[in-house]
Amino acid sequence: GREGDRVATTGADRRAAPTRADLLDDLLGPGGRLVVVSNRGPVTFERDDAAPGALTATRGSGGLVTALGELGRHAPVTWVAAAMTDGDRDAGAALAPRGKARTRRHVETLIDEALPGQDMDLRYESIPPDVFDGYYGKLSNPFLWFVQHQMYASVYGPNVDAELMDAWRSYEAANRLLAEAAADAAGPGRPVVLLQDYHLYVAAARIRELRPDATILHFTHIPWPAASQWQLIPQRIRRGICEGLLAADIVGLQTDRYASHFLDTVASFVADARVEADSRNVRWRGRRVRVRSYPISVDPDGLVAFAGSEAVTQQVERFRERLARAGSPRVIVRADRLEPSKNALRGYLAFEALLLRRPDLRATVRFVAVQAATRTDIAEYAAYGAAVREVVARINGMGDPDEQPVWLYDGSDYATAIAALRLADVVLVNPIVDGMNLVAKEAVLVAERDPALILSETAGAAEQMASATITVAPADVVGTAAALERGLEMPRDERRRRVADLRRSVRHEDLDWWLTRQLRDLVAVRAGVRPPSRRLRDAMRRGEREAGG
Ligand code: F6P
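Residues numbered from 1 in each chain as written. Predicted model: local features only at pLDDT ≥ 70, side-chain atom pairs only at ≥ 80, totals over all residues. Heavy atoms only, no water.

1. Focus on the environment of Ser328
Take Ser328: it is sitting in the loop between helix 13 (310-325) and strand 12 (330-337). Residues Ser328 and Arg366 lie 38 residues apart in sequence; the distance between their C-alpha atoms is 9.3 Å. (Helix = DSSP H or I, 4+ residues; strand = E, 2+ residues; numbered from the N terminus.)

Right, dumping it as structure tokens:
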């Protein structure tokens with residue numbers, strides 16, 4: 001059963017527990033490297049306006065990069081990503097085998113500065129702009145993102161029209177390009193490829209074609225909804241996605257619930273797949289595909305070091321001064337992208353409801369919201385951002401900025417977000433649905449005031465953290481207001497106990513744990529499987545032709 005899985009894992013860890021180094025050795029051999037493939041790379045390059053020909057580099061944003069941006073501390077990694085900016089394209093060209101030596105050195109220095117202490121090679125693959133737009137701007141976002149976060153009001157969307165079907169073909173094309181880049185970057189030896197997220201559902205088959213001896217794990221960072229959600233969209237796309245994933249050896253999801261949903265989706269839409277629900281395997285075209293949950297996390301030591309850095313400490317001082325001017329109120333914090341699935345709007349409505357019921361709190365509480373604008377060219381996001389600003393303006397009314405109940409900060413700077421989390425008394429994490437949500441995990445690691453953590457039941461993180469948090473149903477504005485009040489009133493002792501519990505669990509089930517469990521399962525795949533036979537490859541090609549690929 002599901003719980004059984006988790007318990008068995010811990011038991012096995014205690015008994016034999018090969019170390020990460022053993023597992024890496026086993027898998028990669030001397031000098032071998034893990035190949036990670038994702039859409040967004042860990043570093044975003046921009047052309048430097050001040051110095052023609054030069055680039056600047058910043059760390060990429062979002063949960064995937066937050067977690068995997070530290071992976072090079074735990075394993076030797078070659079990371080293949082799509083070039084998303086002109087700067088990425090320049091960097092990609094410089095890092096390619098025939099790139100100019102001088103630019104290459106410049107780019108490598110920037111990478112070392114952005115990812116210090118890591119063994120990480122980067123490749124940025126340029127995808128033709130029209131293909132990239134269909135793949136990223138139309139199919140991955142908003143379409144897949146909206147389907148998987150249940151964000152469509154299905155009366156109005158999605159409309160799978162001719163344009164979206166074109167975007168699906170671009171999605172397939174972009175996946176091929178990234179798969180080919182990965183097969184190429186893998187170097188000699190039997191590659192171990194870790195494909196990341198919803199942008200790359202159909203990349204595994206192409207890698208397998210080029211590198212039949214590859215061992216492939218695909219990990220989905222976002223939720224996997226129930227089969228009934230997928231039923232809304234054409235069989236061609238949903239089956240394409242499922243079969244694309246079944247070309248991997250292991251399909252990894254954030255939680256047990258999402259793994260069950262995936263198995264059920266395959267059983268519903270892939271006619272020739274046999275799902276073995278108890279062992280969480282799928283038999284498909286002569287192969288066994290393992291479906292497993294690997295809840296992702298952060299690198300605690302890296303994060304704690306960053307929280308203590310000069311950049312964060314300066315921000316903390318700024319917050320402290322402003323709080324002192326406001327009479328040292330208690331602080332509710334939220335820190336996330338201004339992404340509709342994060343449910344900020346209902347968070348503010350709940351805070352407003354609380355202030356109306358408890359006017360006394362106006363003097364003693366501030367809501368510090370660090371929100372990063374995202375995907376502003378998608379109409380729904382622009383509208384959502386406007387709705388948030390309107391509600392915040394209503395709550396703040398007029399008056400002295402320090403007296404306003406909501407302090408809204410631009411969260412594009414990661415240091416500001418971490419600084420706010422350091423000072424929180426209550427942290428509100430109330431997404432409508434979330435693959436994992438790393439803010440919840442970051443908050444307990446960096447907090448100084450033992451904050452009460454309010455967490456949506458529908459965040460993946462709730463599977464690990466719910467017992468020590470105040471849980472809310474995401475649509476429950478009344479309940480969220482009550483949760484905020486309860487958080488503010490929770491005795492310090494109880495908060496301390498809860499944070500200590502959460503901290504222990506986050507430290508135990510950390511990024512290294514996430515990686516090590518995957519390595520262990522990859523070793524098991526290798527042990528049980530000979531390189532794919534001729535017959536298997538032929539079967540896969542036949543399958544592709546039948547699917548119209
Ligand atoms: O976990 C989901 C995720 O990969 C996040 O890391 C990231 O925030 C998002 O999806 C993708 O965002 P973007 O399109 O900005 O890379």
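2. Some remarks on the packing of aromatic side chains
Aromatic ring pairs are reported here in terms of the distance separating the ring centres and the angle at which the planes meet. Evaluation of the coordinates by the stated rule reveals 16 aromatic pairs. Centre to centre, the rings of Phe146 and Tyr381 are 6.2 Å apart; their planes meet at 40°, and the pair counts as tilted. Pair noted here: Phe146 is in helix 6 (residues 129-148) and Tyr381 is in helix 16 (residues 379-396), with a separation of 235 residues, a long-range link. Accessibility expressed as a relative area gives 3% for Phe146, which makes it buried. Ring centres 5.4 Å apart and planes at 15° place the aromatic pair Trp168 and Tyr171 in the stacked group. Of this pair, Trp168 and Tyr171 both sit in helix 7 (residues 162-185), separated by three residues, roughly a single helical turn. (Phe/Tyr/Trp six-rings, centres within 6.5 Å; stacked < 30°, edge-to-face > 60°. Buried < 20%, exposed > 50% of the residue type's maximum accessible area, 1.4 Å probe, protein only.)

3. Some points on the sheet that holds strand 16 (residues 452-456)
Taken in spatial order, the six strands make up an open sheet running 14-13-12-15-16-17, and their pairing is parallel. The two strands at the open ends of the sheet, each matched to only one other strand, are strand 14 (406-410) and strand 17 (470-472). Taken over all neighbouring pairs, the strand axes of this sheet differ in orientation by 20° on average, direction set aside. As paired elements, strand 13 (residues 365-372) and strand 14 share five bridges and run parallel to each other. Bridging across to strand 14, Val370 finds its partner in Tyr409. The strands touched by helix 13 within the sheet are strand 12, strand 13 and strand 14, with strand 14 carrying the most contacts at an inclination of about 160°. (Pairing = 2+ DSSP bridges. Axes fitted to C-alpha atoms, helices over the stretch in contact; angles between N-to-C directions. Contact = heavy atoms within 4.5 Å.)

4. Side note on the pairing of strand 11 (residues 287-293)
Most of strand 11 is tucked away, with six of its seven residues classed as buried. Summarising the sheet, strand 8 (residues 250-253) and strand 11 pair through four bridges and their orientation is parallel. Across the sheet, Val251 pairs through a bridge with Val291, a residue of strand 11. Here strand 10 (residues 281-284) folds back onto strand 11, and the loop between the two strands holds two residues, one of which, Arg285, carries a positive phi near 45°.

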